[in-house]
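Here are the chains, one letter per residue:
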Amino acid sequence: MTLKVQQLAKTYHSRTGVTHAVLPTTFEAGSGEFISLLGPSGCGKSTLLQLLAGLDTPTAGSIHLDGAWVNGPSRERGMVFQSYTLFPWLTVLENARFPLDLEIHQDYSRPSSEILTEIGRVHSLLDLVGLDAFKNSYPRELSGGMKQRVAIVRALANQPKLLLMDEPFGALDAQTREEMQELMRLLHAHQKMTVFFVTHDIEEALYLSTRVLVFSARPGTIIEDIAVPFGAIRDPELKFKPEFIRLKRELTALLHPAHEANFDRTGLLRRIISTSS
Ligand SMILES: Nc1ncnc2c1ncn2[C@@H]1O[C@H](COP(=O)(O)OP(=O)(O)OP(=O)(O)O)[C@@H](O)[C@H]1O
Ligand SMILES: [Mg+2]
């Protein structure tokens, strides 16, 4: 798999004016990479993901996936959003196999045996993510983490080359979030798709990724392209290793320079002590 993004840019025109969401941005990605996108709020991360998904059209530049021009959504690219996007009237299994059921009804170009194999894969993926006992449950009966697991399985139903995830764990509590991180590592090792993962959590980005793209403030463009130097085998202990902490500190300084320079910790502590005594 080769993804080529060349001079990609997006400008929005609305009643309130012109917004340059993404400045011309160029990068490439290969098979099996896990790429996190970090950057200040409003720098264009979601816009870039929408462009990669083919859900929005660029103002300039191009995206090619294995030589083919990306100009609309495709089963080669799956997406997971921050908010829960399951259909409340469908069960877990029906939600997860929804893209395949759509194909059965709309796309007669694929042999049904191929789709049946994929439905079998959805069943195994639901088992893999621990939802085997919940296949016939409805979204309202699930926790937030479980709903996101269904959304991830649904995005993987078609065995996409690219999995695009926009702050998928943003709404989850810390413990569930860590469980989901382990699950993502398992799924990535198992499915070997290329992942683009938007997060505001520097630790999460470092722990999961093989590579981190750091964006400037809006209009966003890539200011750092960092190869994460930890191997494929990782466990939560990694987060306490000196090399991990050093990289986390460097990324924090890059993303919050004003915070680093102006934040007077000693002064704040003194004020808290003096007001509480
Ligand atoms: N449909 C739209 N119409 C007009 N402006 C838009 C539209 N979508 C996004 N924008 C603007 O483009 C800029 C980039 O937005 P985007 O949602 O991509 O940022 P982001 O990096 O994902 O931010 P966050 O971290 O807060 O999710 C913002 O200024 C936003 O207001
Ligand atoms: Mg966003």
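That block above? That's the structure.
Since this is a predicted model, take the numbers as computed values, not measurements.

**Looking at the overall build of the protein chain**
When its secondary structure is counted, the protein chain shows 10 helices and 10 strands. For the protein chain, the spread of C-alpha atoms along the three principal axes comes to 70 × 45 × 40 Å. Every one of the 277 residues in the protein chain was classed for burial, and the buried ones make up 47%. In the protein chain, the share of contacts with a sequence separation of at least 24, taken over all contacts with a separation of at least 6, comes to 70%. Summed over its atoms, the accessible surface of the protein chain is roughly 14,000 Å², and 55% of this surface lies on carbon and sulfur atoms. Of the side chains in the protein chain, 29 bear a positive and 31 a negative charge, and the two mean positions are spaced by 3 Å.

**Re the sheet that holds strand E3 (residues 34-38)**
The 6 strands lie next to each other as E6-E7-E8-E3-E9-E10, forming an open sheet whose pairing is mixed. Each edge of the open sheet carries a strand with a single partner, namely strand E6 (77-80) and strand E10 (222-227). Averaged over all adjacent pairs, the angle separating strand axes in this sheet is 15°, with direction ignored. Of the pairings in the sheet, the one linking strand E9 (residues 211-215) to E10 comprises 5 bridges and is antiparallel in character. Within E10, the position partnered with Val 212 by the bridge is Ile 226. Strands in contact with helix H5 (residues 144-156) are E6 and strand E7 (162-166); relative to E6, the strand with the most contacts, it is inclined by about 170°.

**Notes on the site of ligand 1**
Taken together, 14 residues surround ligand 1, and among them Ser 41, Gly 42, Lys 45, Ser 46 and Thr 47 come closest. Here an oxygen atom of ligand 1 sits 2.5 Å away from a polar atom, N or O, in the side chain of Ser 41. Take Glu 167: an N or O atom from its side chain is 3.5 Å from an oxygen atom of ligand 1. Compared with its free state, where it exposes 640 Å², ligand 1 has 64% of that area covered by protein. Mapped onto the shell around ligand 1, the elements with two or more residues apiece are strand E2 (17-30) and helix H1 (45-53). Element by element, the count of residues in the shell around ligand 1 is highest for H1, at 3 residues. Across the shell around ligand 1, the residue classes tally to 4 nonpolar, 7 polar and 3 charged.

**Things to note about a nonpolar patch on the surface**
A cluster of nonpolar side chains, contributed by Leu 269, Ile 272 and Ile 273, occupies part of the molecular surface with about 290 Å² of accessible area. Position of Ile 273 relative to the elements: it lies in helix H10 (residues 265-276).

**Side note on the sheet that holds strand E4 (residues 60-65)**
Working definition: the strands of a sheet are paired by backbone hydrogen bonds and lie parallel or antiparallel to each other. Read from one edge to the other, the open sheet built from 4 strands follows the order E2-E1-E4-E5, with strand pairing classed as antiparallel. The open sheet has two edge strands, E2 and strand E5 (68-69), and neither has a second partner. Where E4 and E5 come together, 2 bridges link them in antiparallel fashion. Residue pairing in the sheet places His 64 in a bridge with Trp 69 of E5. In the packing of H1 onto the sheet, the strands contacted are strand E1 (2-14), E2 and E4, and the crossing angle to E1 comes to about 120°.

**Notes on the side chain of Lys 135**
In this fold, Lys 135 is placed in the loop between helix H4 (112-128) and H5. Side chain to side chain, Lys 135 and Asp 127 meet in a polar contact 2.9 Å long. When sequence neighbours within four positions are dropped, the list of residues in contact with Lys 135 reads Thr 91, Val 92, Leu 93, His 123, Leu 126 and Asp 127.

**So, the environment of Pro 168**
Inspection of the secondary structure puts Pro 168 in the loop between E7 and helix H6 (174-191). If we ignore the near neighbours within four places in the chain, the residues touching Pro 168 are Val 80, Phe 81, Gln 82, Gln 148, Phe 197 and Val 198.

**Quick notes on the pairing of E7**
With 5 of its 5 residues buried, E7 lies for the most part within the structure. Burial along E7 is two-sided: the residues Leu 162, Leu 164 and Asp 166 and Leu 163 and Met 165 are all buried. Looking at chain direction, E6 and E7 are connected through 4 bridges and run parallel. Considered in E7, the bridge of Arg 77 is made with Leu 162. Relative to strand E8 (residues 194-198), E7 runs parallel, the two sharing 5 bridges. Residue Leu 163 lies in a different strand from E8, and its bridge partner there is Val 195.

Parameters and conventions
Residues numbered from 1 in each chain as written. Chains lettered and ligands numbered in written order. Predicted model: local features only at pLDDT ≥ 70, side-chain atom pairs only at ≥ 80, totals over all residues. Heavy atoms only, no water. Helix = DSSP H or I, 4+ residues; strand = E, 2+ residues; numbered from the N terminus. Buried < 20%, exposed > 50% of the residue type's maximum accessible area, 1.4 Å probe, protein only. Contact = heavy atoms within 4.5 Å. Areas by Shrake-Rupley, 256 points an atom, 1.4 Å probe, with all protein chains shown as cover. Lys, Arg positive; Asp, Glu negative; His and termini not counted. Charge placed at Lys NZ, Arg CZ, Asp CG, Glu CD. Pairing = 2+ DSSP bridges. Axes fitted to C-alpha atoms, helices over the stretch in contact; angles between N-to-C directions. Near = heavy atom within 4 Å. Polar contact = N/O pair within 3.5 Å; in protein donor to acceptor, adjacent residues only side chain to side chain. Nonpolar A, V, L, I, M, F, W, Y, C, P; charged D, E, K, R; others polar. Patch = residues over 30% accessible without salt bridge, like charges linked within 9 Å, V, L, I, M, F, W, Y side chains within 5 Å. Salt bridge = Lys/Arg side-chain N within 4 Å of Asp/Glu carboxyl O.

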